[in-house]
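Geometric and topological summary
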Amino acid sequence: MQQAMNIGLLGFGTVGSGVLQIIQEHQDKLYHQIGCGVTVKKILVNDLEKERPGSYTQEQLTTDADEILKDPEIDAVVEVMGGMEEARLYIRQALENGKNVVTANKDVMAEYGSELLDVADANSCDLYYEASVAGGIPILRTLVEGLASDRITKMMGIVNGTTNYILTKMTKEGRLYEEVLKEAQALGYAEADPSSDVDGLDAARKISILGTLGFSMNLDLSDVKMTGIRNVTSEDIQYAKQLGYTMKLIGLASRDNDEVEVSVEPALVPSDHPLASVDDEFNAVYVYGEAVGETMFYGPGAGKLPTATAIVSDLVNVLKNKRLGVSGNSLVLPQFDKKLKADENIDTKYLMRIHAKDLPGTFASLTALFSQHGVSLEKILQVPLNEGKLAEIIVVTHSVSRKTYDDVLEKLNEADEIVEVKSSYRVEGEIK
(Lines give C-alpha, C1' and ligand atoms only; values in the text may rest on other atoms or scores of the structure.)
Protein backbone atom coordinates (compact mmCIF):
# COMPACT_ATOMS: atom_id res chain seq x y z
CA MET A 1 0.00 0.00 0.00
CA GLN A 2 1.22 3.49 -0.85
CA GLN A 3 2.65 5.07 2.30
CA ALA A 4 2.05 8.70 1.34
CA MET A 5 0.79 10.87 -1.48
CA ASN A 6 2.84 13.87 -2.53
CA ILE A 7 1.58 17.36 -3.20
CA GLY A 8 3.22 20.49 -4.53
CA LEU A 9 2.35 23.86 -3.02
CA LEU A 10 2.40 26.92 -5.28
CA GLY A 11 2.80 29.80 -2.84
CA PHE A 12 3.78 29.96 0.80
CA GLY A 13 2.12 33.05 2.24
CA THR A 14 -0.47 33.18 4.99
CA VAL A 15 -2.82 30.61 3.47
CA GLY A 16 -0.01 28.40 2.16
CA SER A 17 1.53 28.15 5.61
CA GLY A 18 -1.93 27.28 6.95
CA VAL A 19 -2.24 24.42 4.43
CA LEU A 20 1.14 23.05 5.50
CA GLN A 21 0.18 23.35 9.18
CA ILE A 22 -3.10 21.45 8.76
CA ILE A 23 -1.49 18.71 6.69
CA GLN A 24 1.25 18.25 9.29
CA GLU A 25 -1.05 18.36 12.33
CA HIS A 26 -3.90 16.23 10.90
CA GLN A 27 -2.00 13.27 9.48
CA ASP A 28 -4.13 10.76 11.41
CA LYS A 29 -7.32 12.29 10.04
CA LEU A 30 -5.93 12.40 6.50
CA TYR A 31 -4.77 8.78 6.73
CA HIS A 32 -8.23 7.74 7.90
CA GLN A 33 -9.92 9.63 5.04
CA ILE A 34 -7.54 8.82 2.19
CA GLY A 35 -5.93 5.55 3.26
CA CYS A 36 -2.40 6.92 3.37
CA GLY A 37 -0.45 9.92 4.60
CA VAL A 38 0.05 13.21 2.75
CA THR A 39 3.47 14.81 2.21
CA VAL A 40 4.22 18.31 0.97
CA LYS A 41 7.13 17.49 -1.32
CA LYS A 42 7.83 20.90 -2.84
CA ILE A 43 6.81 24.50 -2.13
CA LEU A 44 7.17 27.27 -4.71
CA VAL A 45 8.48 30.54 -3.23
CA ASN A 46 9.99 33.76 -4.57
CA ASP A 47 12.84 33.96 -2.07
CA LEU A 48 14.63 30.91 -0.66
CA GLU A 49 16.24 32.89 2.15
CA LYS A 50 13.14 34.56 3.57
CA GLU A 51 12.14 33.34 7.04
CA ARG A 52 8.62 31.95 7.24
CA PRO A 53 6.42 30.51 9.98
CA GLY A 54 5.89 26.78 10.14
CA SER A 55 7.93 23.60 10.11
CA TYR A 56 9.61 23.00 6.77
CA THR A 57 13.05 22.21 5.35
CA GLN A 58 15.07 24.15 2.81
CA GLU A 59 14.93 21.09 0.55
CA GLN A 60 11.17 21.54 0.28
CA LEU A 61 11.51 25.07 -1.10
CA THR A 62 12.05 25.92 -4.76
CA THR A 63 11.88 28.94 -7.03
CA ASP A 64 11.33 26.77 -10.11
CA ALA A 65 7.68 25.92 -10.75
CA ASP A 66 8.69 23.05 -13.07
CA GLU A 67 9.98 21.14 -10.04
CA ILE A 68 6.32 20.84 -9.07
CA LEU A 69 4.49 20.93 -12.40
CA LYS A 70 6.70 18.33 -14.10
CA ASP A 71 7.53 16.04 -11.17
CA PRO A 72 5.88 12.65 -11.86
CA GLU A 73 5.87 11.85 -8.13
CA ILE A 74 3.62 14.78 -7.25
CA ASP A 75 -0.01 13.62 -7.15
CA ALA A 76 -1.75 17.00 -6.76
CA VAL A 77 -0.93 20.68 -6.96
CA VAL A 78 -2.32 23.27 -4.52
CA GLU A 79 -2.29 26.85 -5.88
CA VAL A 80 -2.33 29.54 -3.16
CA MET A 81 -0.01 32.09 -4.75
CA GLY A 82 -2.75 34.52 -5.77
CA GLY A 83 -2.58 36.85 -8.72
CA MET A 84 -3.99 36.17 -12.14
CA GLU A 85 -1.94 35.33 -15.23
CA GLU A 86 0.92 33.39 -13.63
CA ALA A 87 -1.47 31.41 -11.44
CA ARG A 88 -3.70 30.65 -14.44
CA LEU A 89 -0.69 29.48 -16.44
CA TYR A 90 0.53 27.18 -13.66
CA ILE A 91 -2.93 25.70 -13.08
CA ARG A 92 -3.29 25.03 -16.80
CA GLN A 93 0.18 23.46 -17.05
CA ALA A 94 -0.49 21.24 -14.05
CA LEU A 95 -3.74 19.98 -15.59
CA GLU A 96 -2.11 19.42 -18.98
CA ASN A 97 0.56 17.38 -17.20
CA GLY A 98 -2.17 15.17 -15.72
CA LYS A 99 -2.02 16.62 -12.22
CA ASN A 100 -5.12 17.29 -10.15
CA VAL A 101 -5.39 20.85 -8.85
CA VAL A 102 -6.87 22.58 -5.81
CA THR A 103 -7.00 26.37 -5.85
CA ALA A 104 -8.32 29.18 -3.67
CA ASN A 105 -8.00 31.70 -6.50
CA LYS A 106 -11.39 33.38 -7.06
CA ASP A 107 -9.89 35.81 -9.57
CA VAL A 108 -8.69 33.06 -11.86
CA MET A 109 -11.82 30.93 -11.47
CA ALA A 110 -14.15 33.88 -12.14
CA GLU A 111 -12.23 34.97 -15.24
CA TYR A 112 -10.98 31.65 -16.62
CA GLY A 113 -12.93 28.97 -14.77
CA SER A 114 -14.76 27.59 -17.81
CA GLU A 115 -11.52 27.39 -19.79
CA LEU A 116 -9.65 25.60 -16.99
CA LEU A 117 -12.52 23.19 -16.32
CA ASP A 118 -12.45 22.25 -20.01
CA VAL A 119 -8.71 21.57 -19.72
CA ALA A 120 -9.32 19.46 -16.61
CA ASP A 121 -12.02 17.50 -18.44
CA ALA A 122 -9.78 16.93 -21.47
CA ASN A 123 -7.02 15.54 -19.24
CA SER A 124 -9.25 13.52 -16.87
CA CYS A 125 -8.18 15.66 -13.91
CA ASP A 126 -9.94 17.13 -10.91
CA LEU A 127 -10.05 20.90 -10.43
CA TYR A 128 -11.48 21.87 -7.03
CA TYR A 129 -11.90 25.45 -5.80
CA GLU A 130 -14.07 25.47 -2.66
CA ALA A 131 -11.89 28.04 -0.89
CA SER A 132 -12.34 30.59 -3.67
CA VAL A 133 -15.70 31.69 -2.23
CA ALA A 134 -16.49 32.52 1.41
CA GLY A 135 -13.32 31.05 2.95
CA GLY A 136 -14.23 28.41 5.51
CA ILE A 137 -17.91 28.08 4.50
CA PRO A 138 -18.41 24.90 2.40
CA ILE A 139 -20.87 26.61 0.05
CA LEU A 140 -19.57 25.34 -3.31
CA ARG A 141 -19.55 21.73 -2.16
CA THR A 142 -23.07 22.22 -0.84
CA LEU A 143 -24.28 23.46 -4.23
CA VAL A 144 -22.54 20.70 -6.20
CA GLU A 145 -23.19 17.78 -3.84
CA GLY A 146 -25.58 18.57 -1.00
CA LEU A 147 -28.19 20.28 -3.19
CA ALA A 148 -27.46 18.39 -6.40
CA SER A 149 -31.02 17.02 -6.60
CA ASP A 150 -32.69 20.39 -6.03
CA ARG A 151 -33.30 23.30 -8.40
CA ILE A 152 -31.67 26.44 -7.02
CA THR A 153 -33.69 29.57 -7.69
CA LYS A 154 -31.77 32.20 -5.76
CA MET A 155 -28.52 32.79 -3.90
CA MET A 156 -28.06 35.97 -1.89
CA GLY A 157 -25.35 36.79 0.55
CA ILE A 158 -22.48 38.69 2.08
CA VAL A 159 -19.33 37.38 0.44
CA ASN A 160 -16.79 40.12 1.18
CA GLY A 161 -15.56 40.54 4.74
CA THR A 162 -13.87 43.92 4.23
CA THR A 163 -17.01 45.73 3.11
CA ASN A 164 -19.11 43.97 5.73
CA TYR A 165 -16.71 45.16 8.44
CA ILE A 166 -16.94 48.74 7.14
CA LEU A 167 -20.74 48.75 6.89
CA THR A 168 -21.06 47.13 10.33
CA LYS A 169 -19.03 49.89 11.97
CA MET A 170 -20.89 52.60 10.06
CA THR A 171 -24.22 51.09 11.12
CA LYS A 172 -23.52 50.32 14.77
CA GLU A 173 -21.19 53.18 15.63
CA GLY A 174 -22.37 55.91 13.25
CA ARG A 175 -18.87 56.38 11.85
CA LEU A 176 -17.84 57.74 8.45
CA TYR A 177 -16.77 55.50 5.58
CA GLU A 178 -13.27 57.00 5.24
CA GLU A 179 -12.57 56.61 8.97
CA VAL A 180 -13.63 52.97 9.12
CA LEU A 181 -11.74 52.14 5.91
CA LYS A 182 -8.51 53.39 7.48
CA GLU A 183 -9.19 51.24 10.54
CA ALA A 184 -9.86 48.19 8.35
CA GLN A 185 -6.55 48.78 6.56
CA ALA A 186 -4.71 49.08 9.90
CA LEU A 187 -6.25 45.78 11.06
CA GLY A 188 -5.32 44.00 7.83
CA TYR A 189 -8.94 43.54 6.67
CA ALA A 190 -8.43 45.91 3.72
CA GLU A 191 -5.49 46.28 1.35
CA ALA A 192 -3.56 49.51 0.88
CA ASP A 193 -5.49 49.78 -2.39
CA PRO A 194 -8.97 48.63 -1.33
CA SER A 195 -10.57 49.02 -4.77
CA SER A 196 -11.24 45.33 -5.38
CA ASP A 197 -13.21 45.11 -2.13
CA VAL A 198 -14.99 48.46 -1.85
CA ASP A 199 -15.86 48.70 -5.56
CA GLY A 200 -17.50 45.26 -5.47
CA LEU A 201 -15.09 43.39 -7.77
CA ASP A 202 -14.13 40.75 -5.21
CA ALA A 203 -17.78 40.01 -4.40
CA ALA A 204 -18.69 40.03 -8.11
CA ARG A 205 -16.11 37.35 -8.85
CA LYS A 206 -17.49 35.20 -6.06
CA ILE A 207 -21.15 35.59 -7.04
CA SER A 208 -20.33 34.73 -10.66
CA ILE A 209 -18.76 31.47 -9.41
CA LEU A 210 -21.80 30.76 -7.22
CA GLY A 211 -24.15 31.46 -10.10
CA THR A 212 -22.22 29.23 -12.48
CA LEU A 213 -22.40 26.30 -10.07
CA GLY A 214 -25.86 26.92 -8.63
CA PHE A 215 -27.53 27.36 -12.02
CA SER A 216 -25.22 25.05 -14.05
CA MET A 217 -24.65 27.88 -16.49
CA ASN A 218 -21.43 29.59 -17.60
CA LEU A 219 -21.64 33.08 -16.10
CA ASP A 220 -18.90 35.61 -16.72
CA LEU A 221 -17.72 38.46 -14.54
CA SER A 222 -19.04 40.88 -17.18
CA ASP A 223 -22.56 39.51 -16.55
CA VAL A 224 -22.54 40.89 -12.99
CA LYS A 225 -24.13 44.32 -12.47
CA MET A 226 -21.65 45.78 -9.98
CA THR A 227 -21.78 48.75 -7.59
CA GLY A 228 -19.50 49.26 -4.58
CA ILE A 229 -19.89 51.02 -1.24
CA ARG A 230 -17.76 54.16 -1.72
CA ASN A 231 -20.84 56.39 -1.97
CA VAL A 232 -22.72 54.94 1.02
CA THR A 233 -23.18 57.66 3.66
CA SER A 234 -24.03 57.63 7.34
CA GLU A 235 -27.28 59.40 6.44
CA ASP A 236 -28.25 56.59 4.07
CA ILE A 237 -27.67 54.03 6.80
CA GLN A 238 -29.55 55.98 9.48
CA TYR A 239 -32.60 56.60 7.31
CA ALA A 240 -32.60 52.92 6.35
CA LYS A 241 -32.54 51.96 10.05
CA GLN A 242 -35.38 54.35 10.75
CA LEU A 243 -37.47 52.56 8.13
CA GLY A 244 -36.56 49.09 9.43
CA TYR A 245 -33.68 48.13 7.14
CA THR A 246 -29.97 47.30 7.43
CA MET A 247 -27.41 48.13 4.72
CA LYS A 248 -25.24 45.28 3.39
CA LEU A 249 -23.18 44.72 0.24
CA ILE A 250 -25.27 41.94 -1.26
CA GLY A 251 -24.21 39.48 -3.92
CA LEU A 252 -27.29 38.18 -5.70
CA ALA A 253 -27.86 35.45 -8.28
CA SER A 254 -31.47 34.65 -9.11
CA ARG A 255 -33.17 32.48 -11.72
CA ASP A 256 -36.70 32.74 -13.03
CA ASN A 257 -38.00 30.83 -16.08
CA ASP A 258 -34.41 29.88 -16.99
CA GLU A 259 -33.34 33.54 -17.12
CA VAL A 260 -30.85 34.79 -14.57
CA GLU A 261 -29.83 38.02 -12.91
CA VAL A 262 -26.44 38.45 -11.23
CA SER A 263 -25.53 41.56 -9.25
CA VAL A 264 -23.43 43.01 -6.45
CA GLU A 265 -24.59 46.25 -4.84
CA PRO A 266 -25.20 47.90 -1.49
CA ALA A 267 -28.76 46.87 -0.68
CA LEU A 268 -31.21 47.04 2.19
CA VAL A 269 -32.49 43.95 3.98
CA PRO A 270 -35.11 43.98 6.75
CA SER A 271 -33.38 44.37 10.10
CA ASP A 272 -34.92 41.07 11.30
CA HIS A 273 -33.53 39.17 8.28
CA PRO A 274 -30.73 36.70 9.17
CA LEU A 275 -28.29 38.50 6.87
CA ALA A 276 -28.79 41.73 8.81
CA SER A 277 -27.15 40.16 11.87
CA VAL A 278 -24.02 39.01 9.99
CA ASP A 279 -21.44 41.48 11.28
CA ASP A 280 -17.80 42.47 10.89
CA GLU A 281 -15.65 40.22 8.66
CA PHE A 282 -18.06 37.27 8.65
CA ASN A 283 -19.75 35.98 5.50
CA ALA A 284 -23.11 34.33 4.93
CA VAL A 285 -24.94 32.95 1.90
CA TYR A 286 -28.69 32.40 1.69
CA VAL A 287 -29.74 29.66 -0.76
CA TYR A 288 -33.29 29.15 -2.01
CA GLY A 289 -34.19 25.77 -3.53
CA GLU A 290 -37.52 24.61 -4.91
CA ALA A 291 -37.43 21.50 -2.72
CA VAL A 292 -35.33 22.42 0.32
CA GLY A 293 -36.71 25.95 0.71
CA GLU A 294 -34.44 28.45 2.45
CA THR A 295 -31.03 27.58 3.91
CA MET A 296 -28.23 29.83 5.17
CA PHE A 297 -24.50 29.15 5.46
CA TYR A 298 -22.49 31.32 7.85
CA GLY A 299 -18.89 31.53 8.93
CA PRO A 300 -15.51 33.25 8.53
CA GLY A 301 -15.04 34.44 4.97
CA ALA A 302 -11.26 34.55 5.09
CA GLY A 303 -8.30 33.91 7.35
CA LYS A 304 -5.35 31.57 7.42
CA LEU A 305 -6.88 28.43 8.93
CA PRO A 306 -10.52 28.74 7.75
CA THR A 307 -9.34 29.08 4.14
CA ALA A 308 -6.69 26.39 4.56
CA THR A 309 -9.33 24.04 5.99
CA ALA A 310 -11.43 24.42 2.83
CA ILE A 311 -8.37 23.79 0.66
CA VAL A 312 -7.33 20.64 2.52
CA SER A 313 -10.92 19.36 2.42
CA ASP A 314 -10.78 19.70 -1.38
CA LEU A 315 -7.39 18.02 -1.32
CA VAL A 316 -8.84 15.02 0.53
CA ASN A 317 -11.42 14.52 -2.24
CA VAL A 318 -8.81 14.95 -4.96
CA LEU A 319 -6.44 12.40 -3.41
CA LYS A 320 -9.23 9.91 -2.71
CA ASN A 321 -10.26 10.12 -6.35
CA LYS A 322 -6.63 9.62 -7.39
CA ARG A 323 -6.27 6.48 -5.28
CA LEU A 324 -9.56 5.12 -6.60
CA GLY A 325 -8.58 5.86 -10.20
CA VAL A 326 -11.60 8.12 -10.82
CA SER A 327 -9.91 11.51 -11.18
CA GLY A 328 -11.93 13.80 -13.42
CA ASN A 329 -15.04 11.62 -13.31
CA SER A 330 -16.86 13.86 -10.83
CA LEU A 331 -16.52 16.94 -13.03
CA VAL A 332 -19.92 18.13 -14.28
CA LEU A 333 -19.77 20.83 -16.95
CA PRO A 334 -22.55 23.46 -17.18
CA GLN A 335 -25.86 22.06 -18.41
CA PHE A 336 -27.70 25.17 -19.60
CA ASP A 337 -27.04 27.99 -22.05
CA LYS A 338 -26.72 31.43 -20.51
CA LYS A 339 -29.85 33.58 -20.59
CA LEU A 340 -29.65 36.91 -18.80
CA LYS A 341 -32.74 38.79 -17.66
CA ALA A 342 -33.52 42.06 -19.41
CA ASP A 343 -33.99 45.10 -17.19
CA GLU A 344 -37.72 44.99 -18.00
CA ASN A 345 -37.94 41.60 -16.26
CA ILE A 346 -35.95 42.42 -13.10
CA ASP A 347 -38.48 43.43 -10.44
CA THR A 348 -37.59 44.64 -6.96
CA LYS A 349 -38.22 47.44 -4.46
CA TYR A 350 -36.03 50.52 -4.05
CA LEU A 351 -35.29 53.17 -1.44
CA MET A 352 -34.56 56.65 -2.75
CA ARG A 353 -33.37 59.84 -1.02
CA ILE A 354 -34.46 63.02 -2.79
CA HIS A 355 -33.62 66.67 -2.08
CA ALA A 356 -36.47 68.83 -3.34
CA LYS A 357 -37.51 72.47 -3.11
CA ASP A 358 -39.75 72.96 -0.09
CA LEU A 359 -42.55 74.72 -2.01
CA PRO A 360 -46.31 74.21 -2.28
CA GLY A 361 -47.10 71.55 -4.85
CA THR A 362 -43.64 69.91 -4.84
CA PHE A 363 -44.80 66.79 -3.09
CA ALA A 364 -47.85 66.51 -5.36
CA SER A 365 -45.62 66.81 -8.46
CA LEU A 366 -43.31 64.15 -7.09
CA THR A 367 -46.07 61.63 -6.40
CA ALA A 368 -47.65 62.41 -9.79
CA LEU A 369 -44.38 61.57 -11.54
CA PHE A 370 -44.20 58.19 -9.80
CA SER A 371 -47.85 57.57 -10.63
CA GLN A 372 -47.32 58.36 -14.33
CA HIS A 373 -44.81 55.52 -14.50
CA GLY A 374 -47.02 53.10 -12.59
CA VAL A 375 -44.78 53.14 -9.51
CA SER A 376 -46.57 52.96 -6.17
CA LEU A 377 -44.93 53.97 -2.91
CA GLU A 378 -44.83 51.76 0.18
CA LYS A 379 -43.23 54.22 2.61
CA ILE A 380 -42.62 57.97 2.64
CA LEU A 381 -40.54 60.01 5.09
CA GLN A 382 -40.05 63.80 4.80
CA VAL A 383 -37.51 65.89 6.72
CA PRO A 384 -36.96 69.69 6.37
CA LEU A 385 -33.49 70.93 5.42
CA ASN A 386 -31.68 74.31 5.30
CA GLU A 387 -34.17 76.28 7.38
CA GLY A 388 -37.11 75.17 5.30
CA LYS A 389 -35.69 75.95 1.84
CA LEU A 390 -35.27 72.28 0.99
CA ALA A 391 -37.00 69.08 1.97
CA GLU A 392 -35.42 65.64 2.12
CA ILE A 393 -37.89 63.01 0.98
CA ILE A 394 -37.17 59.31 1.50
CA VAL A 395 -39.41 56.88 -0.33
CA VAL A 396 -39.59 53.09 -0.55
CA THR A 397 -41.30 51.84 -3.68
CA HIS A 398 -43.34 48.73 -4.19
CA SER A 399 -41.81 46.19 -6.58
CA VAL A 400 -41.01 47.76 -9.94
CA SER A 401 -38.93 46.77 -12.96
CA ARG A 402 -35.38 48.10 -13.14
CA LYS A 403 -36.17 49.65 -16.54
CA THR A 404 -39.15 51.59 -15.16
CA TYR A 405 -37.19 52.65 -12.09
CA ASP A 406 -34.32 53.96 -14.21
CA ASP A 407 -36.83 55.94 -16.27
CA VAL A 408 -38.21 57.49 -13.06
CA LEU A 409 -34.70 58.42 -11.92
CA GLU A 410 -34.04 60.14 -15.24
CA LYS A 411 -37.28 62.15 -15.01
CA LEU A 412 -36.57 63.14 -11.40
CA ASN A 413 -33.16 64.50 -12.36
CA GLU A 414 -34.85 66.63 -15.04
CA ALA A 415 -37.66 67.97 -12.82
CA ASP A 416 -37.48 71.64 -11.75
CA GLU A 417 -38.72 70.84 -8.24
CA ILE A 418 -35.93 68.31 -7.60
CA VAL A 419 -32.50 69.56 -6.55
CA GLU A 420 -30.89 66.11 -6.68
CA VAL A 421 -31.44 62.44 -6.07
CA LYS A 422 -28.96 61.89 -3.23
CA SER A 423 -28.95 58.10 -3.25
CA SER A 424 -30.83 55.04 -4.39
CA TYR A 425 -30.66 51.46 -3.13
CA ARG A 426 -32.21 48.13 -3.89
CA VAL A 427 -34.44 46.62 -1.18
CA GLU A 428 -34.44 42.83 -0.71
CA GLY A 429 -37.11 41.13 1.41
CA GLU A 430 -40.23 42.20 3.26
CA ILE A 431 -40.42 43.66 6.77
CA LYS A 432 -42.59 41.37 8.88
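Residues numbered from 1 in each chain as written. Predicted model: local features only at pLDDT ≥ 70, side-chain atom pairs only at ≥ 80, totals over all residues. Heavy atoms only, no water.

Heads up, the condition is: UniProt positions are given in the numbering used here, feature names are shortened, and annotations may be inferred rather than shown by experiment.
If you check an unreviewed UniProt entry, the protein appears there as Homoserine dehydrogenase from Salisediminibacterium halotolerans. The protein has a UniProt comment under Cofactor (unreviewed entry) that states "a metal cation". Turning to the protein, the UniProt record has this under Catalytic activity (unreviewed entry): "L-homoserine + NADP(+) = L-aspartate 4-semialdehyde + NADPH + H(+)".

So, the overall build of the protein
Selection rule: Secondary structure elements follow DSSP: runs of H or I no shorter than four residues count as helices, runs of E no shorter than two count as strands, and numbering proceeds from the N terminus. Only C-alpha atoms enter the radius of gyration, while the globule expectation follows 2.2 Å times N to the 0.38, with N the number of residues. Three exposure classes are used, based on accessible area relative to the maximum for each residue type with a 1.4 Å probe and protein chains only: buried under 20%, partly exposed in between, and exposed over 50%.
Across its full length, the protein carries 14 helices and 17 strands. The globule rule puts the C-alpha radius of gyration for 432 residues at 22 Å, and the 24 Å found for the protein is close to it. For the C-alpha atoms alone, the extent of the protein along its principal axes is close to 85 × 45 × 35 Å. Counting every position in the protein, which comprises 432 residues, the buried fraction comes to 53%.

Quick notes on the pairing of strand β17 (residues 418-427)
Residues in a regular strand project their side chains so that they alternate between the two faces of the sheet. Counted only if it meets this: Criterion used throughout: strands pair if DSSP finds at least two bridges between them.
Taken together, the 2 bridges between strand β10 (residues 259-270) and β17 define a ladder with parallel strand orientation. For Leu268, the partnering residue across the bridge sits in β17 and is Val427. Bridging between strand β13 (residues 347-357) and β17 involves 8 bridges; their strand directions are antiparallel. Bridging from a neighbouring strand, Tyr350 pairs with Arg426 of β17.

As for the UniProt feature "binding site: L-homoserine" (unreviewed entry) in the protein
In this numbering, the UniProt entry assigns the feature "binding site: L-homoserine" (unreviewed entry) to Glu191. For Glu191, the position within the fold is in the loop between α8 (177-187) and α9 (195-198). Accessibility expressed as a relative area gives 55% for Glu191, which makes it exposed.

Let's talk about the sheet that holds strand β6 (residues 127-128)
As a reminder of what qualifies: Residue contacts follow a heavy-atom distance rule, with two residues in contact if any of their heavy atoms lie within 4.5 Å. Only the stretch in contact is used when fitting a helix axis, every axis being a line fitted to C-alpha atoms; angles between N-to-C directions are given from 0 to 180 degrees.
Strand order in the open sheet formed by 6 strands is β3-β2-β1-β4-β5-β6, with parallel pairing between adjacent strands. The open sheet terminates on both sides in strands that have one partner only, identified here as β3 (61-62) and β6. Note: strand β4 (residues 74-79) against strand β5 (residues 100-103), 4 bridges, orientation parallel. Bridging across to β5, Val78 finds its partner in Val102. Those strands touched by helix α1 (residues 14-25) are β1 (4-10) and β2 (37-44), and its axis lies near 155° from that of β2.

Some thoughts on the pattern of salt bridges
How we decide: The rule for a salt bridge is simple: a side-chain nitrogen of Lys or Arg has to be within 4 Å of a carboxyl oxygen of Asp or Glu.
Scanning all chains against the criterion turns up 35 salt bridges. In this structure, Glu430 engages Lys349 in a salt bridge whose closest nitrogen and oxygen atoms are separated by 3.2 Å. Taken together, the positions of Glu430 in the segment after β17 and Lys349 in strand β13 put the pair 81 residues apart, joining distant regions of the chain. Exposure remark for Glu430: the relative accessible area of 53% places this residue in the exposed category.

Description of the domain arrangement of the protein
Quick note on the threshold: The start and end points of each domain follow an automatic or database-based domain assignment.
In terms of domain boundaries, the protein breaks down into domain 1 (4-135 + 304-324), domain 2 (139-300) and domain 3 (347-427). Computed over C-alpha atoms, the centres of domain 1 and domain 3 are 53 Å apart.

Quick word on the UniProt feature "binding site: NADPH" (unreviewed entry) in the protein
Mapped onto this structure's residue numbering, the UniProt feature "binding site: NADPH" (unreviewed entry) falls at Lys106. Mapped onto the elements, Lys106 comes out in helix α5 (residues 106-122). Taking relative accessible area as the criterion, Lys106 reaches 21% and is therefore assigned partly exposed. Non-local contacts of Lys106, meaning those with residues more than four positions away in its chain, are made with Ser132, Asp202, Arg205, Lys206 and Ile209.

Here we look at the nonpolar core
The condition that has to hold: What is meant by a nonpolar core is a set of buried Ala, Val, Leu, Ile, Met, Phe, Trp, Tyr and Cys residues, joined one to another through side-chain atoms within 4.5 Å.
Membership of the largest hydrophobic core comes to 77 residues, with the highest contact counts inside it found for Leu127, Ile139, Ile166, Leu210 and Val287. Looking at which element gives the most residues to this core, the answer is α5, with 8 residues. Leaving out residues up to four positions away in the same chain, Leu127 has contacts with Ile91, Leu95, Val101, Thr103, Met109, Leu116, Leu117 and Ala120. Counting residues in hydrophobic clusters, the runner-up holds 31 residues, among them Val102, Tyr128, Ala131 and Leu315.

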